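Spelled out, the chains give:
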Amino acid sequence: MDCVWVVLIPQIGFGAPVLELDPEADVLVVVPPSSSLSGKEQPAALYHPAGLKIKVSAKHLRTASPIFKSKLAYFHHTTSTQPDGRIHLRLANGFDPKAVYIVLSTLHPGPATSRLPKQLDSLETLAQVALFTEKFSLVDIVEVYAERWINRLWKGASVNYGRNWALWGYVAYVFGRQDIFDVASRRLIEGRSGSAKFEALFESLGLLPSKKFVAELESRHSELLNNAMSAVNAVMDKIIQTEDNCQCATALLGTLVTAMSKSGTLRWRLAELNTKPLTAGYADYAAAIKGGVETFTSWRASITPKGTPKGSRVVTPVHKTDPLGVNGFSGINGKLWTPESSPRFENGVDGWEVLDKHSCSLDDLVKRLEAVFAKRG
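In this text the structure is predicted, and so the values were computed from the model without any measurement.

Rules behind the numbers
- Residues numbered from 1 in each chain as written.
- Predicted model: local features only at pLDDT ≥ 70, side-chain atom pairs only at ≥ 80, totals over all residues.
- Heavy atoms only, no water.
- Core = buried A, V, L, I, M, F, W, Y, C linked by side-chain atoms within 4.5 Å.
- Buried < 20%, exposed > 50% of the residue type's maximum accessible area, 1.4 Å probe, protein only.
- Helix = DSSP H or I, 4+ residues; strand = E, 2+ residues; numbered from the N terminus.
- Contact = heavy atoms within 4.5 Å.
- Phe/Tyr/Trp six-rings, centres within 6.5 Å; stacked < 30°, edge-to-face > 60°.
- Lys NZ or Arg CZ within 6 Å of the ring centre and 35° of its normal.

Caption draft 1: Region of the structure containing the nonpolar core. The biggest cluster of nonpolar side chains holds 96 residues, and the ones touching the most others in it are Leu104 and Phe132. Considering every element that reaches this core, the biggest residue donor is helix H10 (residues 211–241), with 11 residues. Setting aside anything within four residues of it in sequence, one finds Phe132 in contact with Phe68, Leu91, Phe95, Val100, Val103, Leu104 and Leu138.

Caption draft 2: How the structure looks around the packing of aromatic side chains. Under the counting rule described, the total for this entry stands at 15 aromatic pairs. Their ring planes at 50 degrees and their centres at 5.9 Å tell us that Phe95 and Phe136 sit as a pair that is tilted. Here the residue Phe95 occupies a position in the loop between strand E5 (87–91) and helix H3 (97–106), and Phe136 occupies one in the loop between helix H5 (123–135) and helix H6 (139–155), the gap between them amounting to 41 residues. For Phe95, a relative accessible area of 5% gives the class buried. The exposure class of Phe136 is buried, given its relative accessible area of 0%. With 5.1 Å between their ring centres and 65 degrees between their planes, Tyr170 and Phe213 make a pair best called edge-to-face. With a gap of 43 residues between them, Tyr170 in helix H7 (residues 162–174) and Phe213 in helix H10 connect regions that are remote in the sequence. Tyr170 sits in the buried class, given a relative accessible area of 0%. Through a chain of ring-to-ring contacts, three or more aromatic side chains come together here, namely Tyr170, Tyr173, Phe181, Phe202 and Phe213. Positioned above the aromatic ring of Phe198, the side-chain terminus of Arg192 is 4.5 Å from the ring centre.

Put into structure tokens, the structure is as follows:
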């Protein structure tokens, strides 16, 4: 879809304020009214109900952007100038007036660039700057200024919910900040639920990023989800293969199967029987598996060590010395007591460590499951 059109009949933007970036401007850029997030409580000169008009130089537009160059070339071959002697270019709906003014200012050396802000007022404005920059292929010029804006906003950022991660991910993608993009995209992906598409999320934020950007997020989501599912499936295979004669294996396997069923991913273990598209988001799967592990861990804490009566406690398998033999044992040689060989005590014994939780070969597998969904920077 085109982002800009040549105006043939000057009937667009009557009453809109006019800003000048070049005193010899031969192009008038018409920005439709905006309802973007960054427009709230902003100067009326930039957010007028009739939109905004900006006087700019055709030379600078052609040099900076292949999109503008194409439109202006088409104009010269097919139309004439407007009554004010300028070419009128109307932008598509969805661009933020302030962001457009900022970006166009970067294209005009001199007074226009000297008035550029050293810091943008919000992440929303920065995201709108990124949108206009991407749509008109202006990254090479704008990134010099964007680097400063990004660093100052990122330094003081307090990002704790999905909307801001989405904005940061897009800004970082457009301006090539891989360090920020890796963090933001991971956090955004980790919060994705159900079959909701990233494109719909950005539309709700007043952004229509490139299909390439959305495809990158979808690809990363699939990769993260597939890796997590492969890791969990590997643990399940280990549980099935364990030779430990312990009820924990059956319990853990059962909780994982139940968790996968609730998240809609159990069929991945039976892929040959079901080829329907996956509708679960990473957040759904992670929450289900972590919930299953918590259920298993809680149940496991309630059972006693193998071979001991309910409610009994046993000496831990560590070397202990009891030079005076006050507990009835000769521990001078540091004898190693194990749960199987140690005496049992109802309340434990002073000076001896006691074991009050179950331990078996599944300990490492539980840790592996917990590591799969551990938060990363």
